[in-house]
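Chains, contacts and geometry: an overview
Each chain, written out:
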Amino acid sequence: MFLSKVSLCLTLIFVLCSRNIEAQFNPNYASGRTTMVHLFEWKWDDIAVECENFLGPKGFGGVQVSPVNENVVAASRPWWERYQPISYLLTTRSGNEQQFADMVRRCNNVGVRIFVDVVFNHMTGDNVNARGTGGSTADPSNKSFPAVPYSNLDFHPTCSINNYNDKYEVRNCELVGLKDLDQSKSWVQDRVVDFLNHLISLGVAGFRVDAAKHMWPEDLEKIYNRVNNLSTTHGFDTGARPFIFQEVIDLGGEAVSKNEYTNLGVVTEFAHSNSIGKVFRGKDQLRWLINWGPQWGFLNSDRALIFVDNHDNQRGHGAGGADILNYKTSKQYKMASAFMLAHPFGITRVMSSFAFDNTDQGPPTTDGQNIASPIFNDDNSCSGGWVCEHRWRQIYNMVGFRNIVAGTAIQNWWDNGSNQIAFCRGSKGFVAFNGDSYDLNTSLQTCLPAGTYCDIISGVKSDSGCTGKRVEVGSDGRATISITQAEEDGTLAIHFESKL
Ligand code: QV4
Ligand code: CA
């Protein structure tokens, strides 16, 4: 009797705990949505409008926003000043707390979730007379941040990270001189939990945890477990947990492994970014993509946050180097993005950049200080210094493709023995790629019902038909698929909703 009560209790505790933890892997997307976009350095007011006018209608599931808390104002306003916190006040160049709250509410209303990039491994580096974007001051060289407040008691002793084979150094020393918080201290945990709970009360759906590699998993676990459930007043289900994706760059050969974090949340899979770059740059054949996923050394699908590039590696920060694709190599970039979005592996994130010529350059401004809004062209694309990859037809149409084929498996894989490949997603969609330096023109199984389909890469289905290539699928499901070398794009994609 006594024993069974004990075991019932233990079972209950186990069920409650594991449910708690399990849920941190769920992005909490509105139904039918599968992909987030990183609107790097966008202003909150602009994101609110973008959710309503574009992201909601086009089927995006969420937005990763740049850090929301007050950061140091650095000379010439580089983008990276936002990774040097001064306080947890919600005032940055993207807007203030009221604008942030308004954005979250408006995006949620159209089914688009907000994920915040949270920076709590560290505060700023040394800055004389440090002043923040919310007007707070700090004395970083004495580790004094009165607007939190943090004092030198809250930080690890100063030492620099040089040896990535020493996990103590990686986690207890300073990343590029940034004052390193000690997350084992209850005062620090309390401040971080208050900050995260404040964001949850405003309706966010989860967090990108910056520099998670530089924090101890056991400290992160304590912090995550104390964070509130998502807000039911903002429409989340009772008991829903924040989605947590942790920035751990693990390309092998270091002391800290991505596997130390997968029981706490999802992890950014930088190996995916590296490998997809290599393949579409022609350093590896497309036919090898047949076993894309954990066999390439990636995390399991439900633990891997994947992307072609991120805000660091697109400009040579972080890791990855020359193989990473970005908007500047647009044909390969669009092919890699289409492959990522067509393939069932992973939790997908699309990058949306501002144009840059040097790696420190900040976002477009009106006056060197205030961030400028993007300008939208008739073909959906952006100007005014903004690249808006998420508004490229070849990318947003593949976000739609991923939603439409969700839940189906790859079948009828075909390749030509080198860089031409094609596959079906169940009987809902078909995609083909030509990475060879000669034309693709052959009959392939599309797995779709007979009819005429509009290729969503070269055009869109419109009232008058199709603005791009048409594909005639016969009663046997086969169609002649053609992607010539001269074409702007090396991908062709059709799905059951692109039937004319
Ligand atoms: C300079 C020297 C240092 C010196 C220091 C002393 O380079 O050697 O110790 O001064 O004062 C900026 C400057 C950098 C400067 C530093 C401190 O670029 O030169 O150090 O400020 O003043 C971003 C940028 C960094 C930037 C940082 C803070 O990428 O260049 O540093 O913001 O403003 C590893 C990590 C991974 C990290 C990645 C970049 O494992 O976690 O490096 N990625 C995340 C973010 C990234 C951000 C940080 C972490 C830090 O994605 O954007 O770094 O929050 O792989
Ligand atoms: Ca640390």
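Figured I'd write up the structure that's included with this text. This is a predicted model, so every value here is computed, not measured.

**A look at the overall build of the chain**
When you go through the chain residue by residue, the secondary structure sums to 9 helices and 22 strands. Relative to a compact globule of 500 residues, whose C-alpha radius of gyration would be 23 Å, the chain shows 23 Å and is just as compact. Oriented by its inertia axes, the alpha-carbon framework of the chain measures out at about 75 × 70 × 45 Å. In the chain, which comprises 500 residues, the share counted as buried stands at 57%.

**Quick look at the packing of aromatic side chains**
Taken as a whole and judged by the stated rule, the model has 30 aromatic pairs. Each ring, one from phenylalanine 40 and one from tryptophan 79, has its centre 5.8 Å from the other, and the planes form 65 degrees; the classification is edge-to-face. Taken together, the residues phenylalanine 40 in the loop between strand 1 (35-39) and helix 2 (44-58) and tryptophan 79 in the loop between strand 2 (62-65) and helix 3 (97-109) connect sequence positions 39 residues apart. Where phenylalanine 115 meets phenylalanine 245, the ring centres are 6.2 Å apart and the plane angle is 75 degrees; that geometry is what we call edge-to-face. Of this pair, phenylalanine 115 sits in strand 3 (residues 113-118) while phenylalanine 245 sits in strand 7 (residues 243-246), placing them 130 residues apart in sequence. Each member of the pair, phenylalanine 115 as well as phenylalanine 245, carries the same accessibility label: buried. Through successive ring pairs, a cluster of aromatic residues spans Phe280, Trp292, Trp296, Phe298, Phe339, Phe345, Trp413, Phe423 and Phe433. Against the face of phenylalanine 54 rests arginine 391, its NZ or CZ located 4.3 Å from the ring centre.

**Describing helix 7 (residues 270-280)**
The buried fraction of helix 7 is high, at 10 of 11 residues. By the burial criterion, the buried members of helix 7 are Phe270, Ala271, His272, Ser273, Asn274, Ser275, Ile276, Gly277, Val279 and Phe280. Against strand 8 (266-268), strand 9 (304-306), helix 8 (330-342) and strand 15 (429-434) lie the buried residues of helix 7. The N-capping residue of helix 7, defined by a side-chain oxygen 3.0 Å from the backbone nitrogen of alanine 271, is glutamate 269. Positive phi appears at glycine 282, one or two residues downstream of helix 7, with a value of about 85 degrees.

Scoring rules and cut-offs
- Residues numbered from 1 in each chain as written.
- Chains lettered and ligands numbered in written order.
- Predicted model: local features only at pLDDT ≥ 70, side-chain atom pairs only at ≥ 80, totals over all residues.
- Heavy atoms only, no water.
- Helix = DSSP H or I, 4+ residues; strand = E, 2+ residues; numbered from the N terminus.
- Rg over C-alpha atoms; globule rule 2.2 N^0.38 Å.
- Buried < 20%, exposed > 50% of the residue type's maximum accessible area, 1.4 Å probe, protein only.
- Phe/Tyr/Trp six-rings, centres within 6.5 Å; stacked < 30°, edge-to-face > 60°.
- Lys NZ or Arg CZ within 6 Å of the ring centre and 35° of its normal.
- Contact = heavy atoms within 4.5 Å.
- Polar contact = N/O pair within 3.5 Å; in protein donor to acceptor, adjacent residues only side chain to side chain.

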